[in-house]
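Notes for the structure review
Next come the chains, spelled out residue by residue.
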Amino acid sequence: MKPNILTTWVIAPLLFVIFFVVFILIAVFDVQRDAEKTAEQMMHQTGEYLLSTMMVLQKLNTIADAPCSDSFIERLRVEVFKSDSVRDIAYVDGNRVLCSAGSGFLKSDGLLDKEDLIGAMERKFWFNMQLMQAGVRVSVTAQQLGNYVIVEYPGHFQSTIASSAYDSAVVAVFPDSSYYFAYGDKDITRVLQRPFVLGGGVACNDDPRTYCVAVEMHDAEMLASVLPLLTLGLVLSFLLALLGKSLADQMLAKRYSLQGRVRRALEKEPQNFYCVFQPIVELSTGKTMGCEVLARFQDDIGGLSPIDFIPVVQQMRQTWKFTELIMARAVEELNRCDFQGRAFYASFNVFPEDLSKDRAEIISTSKPLAAALNSPFDVVIEILETSIDYGSGMHESLEFLRKMGVRIAIDDFGTGHSNLNMLINFEADLLKIDRSFVDGSEDPESVRAKILPIMVEIADTAGLKKVAEGIETQEQADHVLKVGVELGQGYFFSRPVSAEVLTNYVQNH
Ligand SMILES: Nc1nc2c(ncn2[C@@H]2O[C@@H]3COP(=O)(O)O[C@H]4[C@@H](O)[C@H](n5cnc6c(=O)[nH]c(N)nc65)O[C@@H]4COP(=O)(O)O[C@H]3[C@H]2O)c(=O)[nH]1
């Protein structure tokens, strides 16, 4: 998949979805947290209310007047009068109401018949009608302490839990079931039953767990509260996805760029460089005399031509590192080949910048070069004719290499401006005649065809062996042999091949 297709159709939409989901989760979390906070607040209000009732009850328990005497009833009435939530206060003996503050509410027959209703809630809550499971409205709530029972207006609870955004309920909790004692419009049993209801929350008093407050946000309010965040999330997700796409584009461009790929190979993945070998044959006999080592590149994205990656290696100033890498790989592979004891040379391309004077020490201590010189084959280095530069100290470096046992070949001869004097001074061993002169050699009238014998003569005068490059046909091979070239290289003999194929070739030629 092309990088821009990948970022446009896969990475950007994926990022958009991820970011938007994150915003949705934040919105949901926000609503949820709000609901839980509201439930908590309502629970505290309920707790405070129940506590204030309990304090009234405690005060009642200190009345010294004779129970149900006139002064006693008056004290009870004063408390009812003072409180805005107390509906009635009764003095009871077991399940029997002995007297009450006066509203008569507790005088209905049979209301206190059900002993269990008082006992079940540890006498904290009492209802004026049969308890029913959550979902059915009850109208009165009561608390008992000692012989006193306070009956409260449910309306007080209703106002405690009233909220514009939430539907809510206060629920009495029994060990095996729960009961409303105040609730709003909606049946919100589900908030209590399910651990997570969007926009719902439950808070219980834990010591002991006798009542809980459950809330659920109204749909409209929930929408109003999540909508701004979701709209913002939608816009931000889009922008973040665009940003992510542009970052991914940059990263991929770096990864897919020529420079990026070559750098990665040099720094981390040297296996992406490998060698192929092109046989060099004796034209008169067809016998293989050696080979040129040529670098190749292949990574997970694809292959690259040396025409493309060699200049990058130069730009990165990693030329000697690269040459050593190729040399080490080639020597390792050639050492495994069985050339049946015949004389053979391997020719390596070397960058001119590595032949300046200051590189002599680096080259002299090079392990791959030492390994090549220790191998059963001869080592030749090829230097482009166009790069020959005496001023840079190249001459001394070559002299030094020659002393180490390296032979020198002038590559692509004919593309530069060397004269006979330069060639003699240069003390090379081989002259590789550029393939443009081999190409034109079939037409005897062409200028190049006329120059070829002159080049041969110059090489002979300088004492150099000649190699014709780029021979593609029998005619070219015959012609260059006829004008005096000893060695040939080109697709006519073999394309650059692997070490295994080279071994076969050498064994057959
Ligand atoms: N048309 C045609 N071409 C033929 C024929 N026979 C061989 N060739 C090609 O000619 C090039 C010969 O290598 P070069 O002149 O040193 O030119 C090389 C050399 O300058 C450079 N190069 C390749 N490997 C290395 C290396 O390991 N180190 C350095 N410094 N340069 C390298 O890249 C250049 C191109 O290498 P390649 O693409 O492998 O191209 C090779 C080879 O595949 C033929 O009959 N017809």
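Whatever comes next refers back to the structure up there.
First, a word on scope: everything that follows refers to the structure included in this document. What you see is a predicted model; the values in this text were computed from it and never measured. (Residues numbered from 1 in each chain as written. Predicted model: local features only at pLDDT ≥ 70, side-chain atom pairs only at ≥ 80, totals over all residues. Heavy atoms only, no water.)

1. Focus on unusual backbone geometry
Selection rule: Under the DSSP-based scheme used, a helix requires at least four consecutive residues in state H or I and a strand at least two consecutive residues in state E, with every element numbered from the N terminus.
For Arg317, which is not a glycine, the phi torsion comes out positive at approximately 55 degrees. Tracing the chain through its elements places Arg317 in the loop between α8 (306-315) and α9 (319-336). A positive phi angle, near 50 degrees, is found at Gln340, a position not held by glycine. Looking at where Gln340 falls in the secondary structure, it is placed in the loop between α9 and β13 (345-349).

2. Comments concerning the state of the cysteines
Put simply, the rule reads: By convention in this document, the label disulfide applies to cysteine sulfur atom pairs within 2.5 Å. For every residue, the accessible area obtained with a 1.4 Å probe (protein chains only) is divided by the maximum for its type, and the residue is called buried under 20%, exposed over 50%, and partly exposed between those limits.
All told, the structure shown has two disulfides when counted by the stated rule. Covalent S-S linkage joins Cys68 and Cys99, the inter-sulfur distance amounting to 2.1 Å. Here the S-S torsion is close to -85 degrees, and the disulfide linking Cys68 with Cys99 is therefore left-handed. With a gap of 31 residues between them, Cys68 in the loop between α1 (3-60) and α2 (70-82) and Cys99 in strand β2 (residues 96-100) connect regions that are remote in the sequence. A residue is classified by how much of its surface remains accessible, and Cys99, at 8% relative accessible area, is buried. For Cys204, the disulfide goes to Cys212, at an S-S distance of 2.0 Å. Disulfide Cys204 to Cys212: torsion about the S-S bond roughly 105 degrees, handedness right-handed. For the pair Cys204 and Cys212, one class covers both residues: buried. Among the cysteines of the protein chain that take part in disulfides, numbered as they appear in the sequence, the pairing is 1-2, 3-4. Considering cysteine sulfurs only, Cys291 is the nearest to Cys275, which forms no disulfide, with 9.7 Å between them. Note on Cys291: no disulfide assigned, nearest cysteine sulfur contributed by Cys337 at a separation of 8.3 Å.

3. Looking at the site of the ligand
Heads up, the condition is: In these notes, residues near a molecule or strand are those with any non-hydrogen atom within 4 Å of it. Within 3.5 Å is the distance limit for a polar contact, defined as a pair of N or O atoms, with the added protein rule that one can donate a hydrogen and the other accept it, and that residues adjacent in sequence qualify only through two side-chain atoms. Ten residues, namely Ala, Val, Leu, Ile, Met, Phe, Trp, Tyr, Cys and Pro, are considered nonpolar, four, namely Asp, Glu, Lys and Arg, are considered charged, and the remaining ones, Gly among them, are considered polar.
As a matter of local geometry, the ligand sits amid 23 residues, with Gln278, Glu292, Arg296, Glu472 and Tyr491 nearest to it. Here an oxygen atom of the ligand sits 2.9 Å away from a polar atom, N or O, in the side chain of Arg296. Put simply, the parts of the chain that give the shell around the ligand at least two residues each are β11 (288-298), α8, α9 and β15 (407-413). With four residues, β11 is the largest single contributor of residues to the shell around the ligand. A class-by-class count of the residues in the shell around the ligand yields 11 nonpolar, four polar and eight charged.

4. Focus: the packing of aromatic side chains
For any two aromatic rings, the description comes down to two numbers: the centre-to-centre distance and the angle of the planes. Under the convention used in this document: Stacked, tilted and edge-to-face are the three classes applied to pairs of Phe, Tyr and Trp rings, where Trp contributes its six-membered ring and a pair requires centres within 6.5 Å; stacked means planes under 30 degrees apart, edge-to-face means over 60, and tilted covers the rest. Whether a charge sits over a ring depends on NZ of Lys or CZ of Arg being within 6 Å of the ring centre and within 35 degrees of the ring normal.
Scanning the entire structure with this criterion turns up 12 aromatic pairs. Between Phe297 and Phe309 the ring centres are 6.1 Å apart and the planes differ by 40 degrees, which places this aromatic pair in the tilted class. One end of the pair, Phe297, is in strand β11; the other, Phe309, is in helix α8, and 12 residues separate them in sequence. Each member of the pair, Phe297 as well as Phe309, carries the same accessibility label: buried. What links up through ring pairs into an aromatic cluster is the set Phe273, Phe297, Phe309, Phe322 and Phe351. Between the NZ or CZ atom of Arg407 and the centre of the ring of Tyr345, over which it lies, the distance is 5.4 Å. Note that Arg448 overlies the ring of Phe437, its terminal NZ or CZ placed 4.6 Å from the centroid.

5. A short note on the side chain of Thr288
Selection criterion: Residue contacts are counted whenever heavy atoms from the two residues lie within 4.5 Å of one another.
Within the secondary structure, Thr288 sits in strand β11. Judged by relative accessible area, which is 0%, Thr288 ranks as buried. Within the structure, the side chain of Thr288 is placed 2.9 Å from the backbone oxygen of His509, a separation counted as a polar contact. Once you skip the residues sitting within four places of it in the chain, Thr288 turns out to touch Pro279, Ile280, Val281, Arg342, Phe344, Tyr505, Val506 and His509.

6. Focus: the packing of helix α6 (residues 219-256) against helix α7 (residues 258-267)
Note the cut-off: Lines are fitted to the C-alpha atoms to define the axes, a helix being fitted only along its stretch in contact, and any angle between axes, read from their N-to-C directions, falls within 0 to 180 degrees.
For the pair α6 and α7, interaxial distance at closest approach is 4 Å and the crossing angle is 65 degrees. Seen from α6, the contacting residues are Lys254, Arg255 and Tyr256; seen from α7, they are Leu258, Gly260, Arg261 and Arg264. Among the residues forming the contact of α6 with α7, the class breakdown is two nonpolar, one polar and four charged.

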